[in-house]
There are 2 protein chains.
Amino acid sequence: MQAPAGDTIEAVVLEQARAAKKASRSLATLTTADKNEVLLAAAEAIDAAAEDILAANAEDVERAEAAGTEASLVDRLRLTADRIVGITGGLRQVAALPDPIGVIVQGKTLPNGLELRQVQVPLGVVGFVYEARPNVTVDGFGISFKSGNAVLLRGSSSAASSNAALVEVLRTVLTEHKVNPDAVALLPSEDRSSVTALIQARGLVDVVIPRGGAGLISAVVENAKVPTIETGSGNCHIYVHSAADVDTATRVILNAKTRRPSVCNTVETVLIDRGIADSALEPIVTALVSQGVTVHGEEPGMEPATEEDWHAEYLSLDIALKVVDDIDAAIEHIDAYGTGHTEAIITGESAAARDFTARVDAAAVMVNASTAFTDGEQFGFGAEIGISTQKLHARGPMGLPELTSTKWIVWGDGQVRPA
Amino acid sequence: MQAPAGDTIEAVVLEQARAAKKASRSLATLTTADKNEVLLAAAEAIDAAAEDILAANAEDVERAEAAGTEASLVDRLRLTADRIVGITGGLRQVAALPDPIGVIVQGKTLPNGLELRQVQVPLGVVGFVYEARPNVTVDGFGISFKSGNAVLLRGSSSAASSNAALVEVLRTVLTEHKVNPDAVALLPSEDRSSVTALIQARGLVDVVIPRGGAGLISAVVENAKVPTIETGSGNCHIYVHSAADVDTATRVILNAKTRRPSVCNTVETVLIDRGIADSALEPIVTALVSQGVTVHGEEPGMEPATEEDWHAEYLSLDIALKVVDDIDAAIEHIDAYGTGHTEAIITGESAAARDFTARVDAAAVMVNASTAFTDGEQFGFGAEIGISTQKLHARGPMGLPELTSTKWIVWGDGQVRPA
């Protein structure tokens, strides 16, 4: 769907959604072989069009720089020959993943002879709302298409030229393969009204997944009339239990904080059990400080911590640290301030580990391991759509199966239900 | 939680939700044996309190009759000794069902030695919004409690006395068993404001499930800020394919329409393929009419059908009937008017059956079987929470596993993630 001139943005989005719904019907019955062929052809086509895509991206970068956008944001926006190789590599990787469609989840034969199968089917139409990186445009198409879904992409206006160039290539490939090109569409990004139209398109859009900052995510989730999946917000804790090995604790905390501070699985607060504080506090703080981390806490020599620090998702080389009385106090603190993403305990005592994993309410609960492992690729999913922090439908890293629904298929030979 | 006098209804509901969330933490770690003991004790306590419950119900019935409520509604509201036996039987049945909590959905050991398990856990706090029948009050508690969830019940104001009496018994049983009684609470039902407060209690309520008429369901789903599951709306079709056995078609249609016309899996529209209309139309219509069914259609002698009839969820001894050109036309009609509940084809030709089941987008798609089979009990789930017509989280009949989420539990021995 190209946006007809003169229409309101809302009307354009609804028309795109209707076209996507129509396209989704034919995607549902494509074979795995057909889908993989398209994905590999799309990778080739993007490689071949690299020059045009980079030129479009240069426009976006120029506009962003002229507007005085900060360097880190411009960097996320920028495409390079290497990054295009990364993007097409992603498509090839998705082509190689198992097809989640048609998998039989469960089944049985009833006493009356009816044969029941619960089969994985596409959701239908998926909406992605995301920020600067243009690679999400192609990722979003790849995972949606492999799982038989049509996708409506609402990228950032700052990446409008790059996204338009990428989606044009994708739609051309679909047409060449006799697939309805409305299986992928780029929504207008001039203002927020396209997001509003997308998240309220009941009956046309089956799920909207926001990827980006906390503000974007809560705006989408709170105003949506269609189902949404909340992703990514991570105020993760590591609790150093009284029976922890201090070296292990130090190593895990350092890794979870400094490996990539800007991602959602980074640790933001360390809780140290009073029973081990005498021996653990000093080496952990020293190690953090030696790596350039600012420690916010209540002990002498730290940046004084306020209520805000316990809530903070720093995404930087900052960490909050609190000494807690015992495992109950640790779990209470996590209950009060955690976002249900990833929580970890360091302990040598299995009873404490079992207690912690049973009682802590989060997508992932870890024993003696870095919170950095909560990640679709690390979990072996091949592709990651995001990390769900809600409890309905999907929780934790989402792969292709999380973009599916199910359908009961029932075969009989004339069975009727007794009164 | 008892409602403190003087507070606004919204404040009361939020306080109940906070208390439920707190209670849900302890429910999550109850053993199956503990839960079953409570459920059986609750059944006994309700049996023992039958007299008081019937007296409370008599107040509701009297009030309803005085208000001129129609007889069928009063009947749904009325409890009898027999119906109480049904209610407590339901609790005993839930006690006998397998516990969905703790089930390991999948798991693996990563190359670095990390052990991953994805475990079923409770959702947390479940809200039910429902209409007249007081038995849903106890059902809702039973399935929520067995699946480790706290439950907030928002019943009909017409059943307020019955519901209060039932919930009081349940809370007493919980207290006697040293379980936090806030695991079940009855929300105020004077007006709609308690529904609004419930469906907007983000961070406290994990899912709201509306059970009732289409108006109630769409009001809840469209205005909720917490996740919801849409249930029950059923405009179900039976398509009589050109290769159908006419006797089978007639038998199945009669069963699907007349067995219990008021339930959501009843057939509302029959689509007859033009290729078999000559031989199928007359016997099917005659059979329907002989059972007192009014046929709305375009053929001579029928009640003339309008656009409304194709949309109608009659829930009565009415049926719409249309002759369609072929399987494509049948699927197009279902796409346009169906509600994604249950759709059936009658055919002797397996290619047509495979085509229909692959292309029709509904929770259940049946071949040569009555739509009346879409039902949790028929599917062998033991307890049914409702029939989801949405695609996220649950689709089709929902049993206890549909009231769960999952948690990744990861055990290591100090693993850190390489840069």
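Residues numbered from 1 in each chain as written. Chains lettered and ligands numbered in written order. Predicted model: local features only at pLDDT ≥ 70, side-chain atom pairs only at ≥ 80, totals over all residues. Heavy atoms only, no water.

As annotated in an unreviewed UniProt entry, chain A carries the name Gamma-glutamyl phosphate reductase and comes from Gordonia caeni. Taken from UniProt, the Function (unreviewed entry) comment for chain A reads in full: "Catalyzes the NADPH-dependent reduction of L-glutamate 5-phosphate into L-glutamate 5-semialdehyde and phosphate. The product spontaneously undergoes cyclization to form 1-pyrroline-5-carboxylate." (UniProt positions renumbered as here; feature names shortened; annotations may be inferred.)

**Student:** Lay out the UniProt feature "domain: Aldehyde dehydrogenase" (unreviewed entry) in chain A with the relevant residues and their values.
**Tutor:** The UniProt feature table records "domain: Aldehyde dehydrogenase" (unreviewed entry) at residues 14–288 of chain A. Annotated as residues 14–288 of chain A, this span is 53% helix and 16% strand, and its ends, taken at the C-alpha atoms, are 51 Å apart. (Helix = DSSP H or I, 4+ residues; strand = E, 2+ residues; numbered from the N terminus.)

**Student:** How would you summarise the interface of chain A and chain B if you had to cite specific residues and measurements?
**Tutor:** Residue-level contacts link 74 residues of chain A with 74 residues of chain B. For the pairing of chain A and chain B, the buried interface totals around 6,300 Å² over both sides, and the portion due to carbon and sulfur atoms is 52%. If you sort the residues of chain A by the area they bury against chain B, L392, W408 and R417 of chain A come out on top, with a joint share of 14%. Where chain A packs against chain B, one counts 12 salt bridges. (Contact = heavy atoms within 4.5 Å. Buried area = accessible area lost by both parts, 1.4 Å probe. Salt bridge = Lys/Arg side-chain N within 4 Å of Asp/Glu carboxyl O.)

**Student:** Just give me the short version of the relation of the copies chain A and chain B, but keep the residues and values in it.
**Tutor:** Placing chain A over chain B gives an RMSD of 0.0 Å and needs a rotation angle of 180°, together with 0.0 Å of translation along the axis. On the angle and the small slide along the axis, the relation comes out as a two-fold axis. Relative to the rotation axis, the closest C-alpha in chain A is found at H393 of chain A, a distance of 1.8 Å. (Least-squares fit on C-alpha atoms with pLDDT ≥ 70 in both.)

**Student:** Pulling in residues and values, what's your account of the packing of aromatic side chains?
**Tutor:** A complete count under the given rule lists 10 aromatic pairs over all chains for this structure. Look at W408 of chain A and F379 of chain B: their rings are 5.0 Å apart centre to centre, the planes differ by 65°, and that puts the pair in the edge-to-face class. Here the residue W408 of chain A occupies a position in strand 16 (residues 404–415), and F379 of chain B occupies one in the loop between strand 13 (364–369) and strand 14 (386–388), the pair thus bridging two chains. What links up through ring pairs into an aromatic cluster is the set F379 and F381 of chain A together with W408 of chain B. (Phe/Tyr/Trp six-rings, centres within 6.5 Å; stacked < 30°, edge-to-face > 60°.)

**Student:** I'd love a proper account of the sheet that holds strand 4 (residues 150–154) of chain B, names of residues and values included.
**Tutor:** All names here are of chain B. Taking strand neighbours across the sheet as the criterion, the four strands line up as 5-4-3-6 in an open arrangement whose pairing is parallel. Sheet topology places strand 5 (184–186) and strand 6 (207–211) at the edges, where each strand pairs with a single neighbour. Direction aside, neighbouring strands of the sheet carry axes that sit 20° apart on average. With five bridges joining them, strand 3 (residues 125–130) and strand 6 adopt parallel strand pairing. Across the sheet, residue V126 finds its bridge partner in strand 6, namely V207. Relative to the sheet, helix 7 (residues 160–176) contacts strand 3, strand 4 and strand 5, its axis offset from that of strand 5 by approximately 160°. Packing against the sheet, helix 9 (residues 214–223) makes contact with strand 3 and strand 6, and its axis sits at approximately 165° to strand 6. (Pairing = 2+ DSSP bridges. Axes fitted to C-alpha atoms, helices over the stretch in contact; angles between N-to-C directions.)

**Student:** Residues and numbers for helix 10 (residues 246–258) of chain A, please.
**Tutor:** Residues and elements named next belong to chain A. Between its first and last C-alpha atoms helix 10 spans 18 Å; for 13 residues at 1.5 Å apiece the expected length is 18 Å, and the two agree. Along helix 10, 10 of the 13 residues are buried, which leaves the element largely enclosed by surrounding structure. Among the residues of helix 10, those classed as buried are V246, T248, A249, T250, V252, I253, L254, N255, A256 and K257. (Expected span 1.5 Å × (residues − 1). Buried < 20%, exposed > 50% of the residue type's maximum accessible area, 1.4 Å probe, protein only.)

**Student:** Could you give an account of the sheet that holds strand 5 (residues 184–186) of chain A, with specific residues and numbers?
**Tutor:** Residues and elements named next belong to chain A. Strand order in the open sheet formed by four strands is 5-4-3-6, and the pairing between neighbours is parallel. Both outer strands of the open sheet, strand 5 and strand 6 (207–211), are each paired with one neighbouring strand and no more. Adjacent strand axes in the sheet meet at a mean angle of 20° when their direction is disregarded. Across five bridges, the pairing between strand 3 (residues 125–130) and strand 4 (residues 150–154) is parallel. Across the sheet, residue G127 finds its bridge partner in strand 4, namely L152. Of the strands in this sheet, strand 3, strand 4 and strand 5 touch helix 1 (residues 9–27), which is tilted by about 150° from strand 4. In the packing of helix 9 (residues 214–223) onto the sheet, contacts are made with strand 3 and strand 6, and the angle to strand 6 comes to roughly 165°.

**Student:** Now, about the side chain of S144 of chain B: what can you tell me, with residues and values included?
**Tutor:** Residues and elements named next belong to chain B. Its location among the elements puts S144 in helix 6 (residues 135–146). Within the structure, S144 has its side chain in polar contact with the backbone oxygen of G140 (distance 2.7 Å). Beyond its immediate stretch of four places on either side in the chain, S144 contacts V126, F128, N149, V151 and L403. (Polar contact = N/O pair within 3.5 Å; in protein donor to acceptor, adjacent residues only side chain to side chain.)

**Student:** Explain the pattern of salt bridges to me, and be specific about the residues and the numbers.
**Tutor:** Residue and element names in this part refer to chain A. As enumerated under the stated definition, the model contains 40 salt bridges over all chains in all. Linking E65 and R78 is a salt bridge whose minimum nitrogen-to-oxygen distance equals 3.3 Å. Of the two residues, E65 is situated in helix 3 (residues 50–66) and R78 in the loop between helix 4 (71–77) and helix 5 (81–96); the sequence distance between them amounts to 13 residues. Of the residues examined, E65 reaches a relative accessible area of 45% and is grouped as partly exposed. Two residues, R171 and D182, come together in a salt bridge whose shortest N-O distance is 3.2 Å. Here the residue R171 occupies a position in helix 7 (residues 160–176), and D182 occupies one in the loop between helix 7 and strand 5, the gap between them amounting to 11 residues. Under the relative-accessibility criterion, D182 is labelled buried at 14%.

**Student:** Tell me about the pairing of strand 12 (residues 342–346) of chain A, and please be specific about residues and values.
**Tutor:** Residue and element names in this part refer to chain A. Burial analysis of strand 12 places five of its five residues in the buried class, which makes it a mostly covered element. Residue alternation in strand 12 divides its side chains into two sets, T342, A344 and I346 and E343 and I345, and both sets are buried. With four bridges joining them, strand 7 (residues 236–240) and strand 12 adopt parallel strand pairing. For V240, the partnering residue across the bridge sits in strand 12 and is I346. Remark: the strand 12/helix 14 (residues 350–359)/strand 13 (residues 364–369) crossover connection has right-handed handedness. (Right-handed = clockwise from strand over helix to strand, strands pointing away.)

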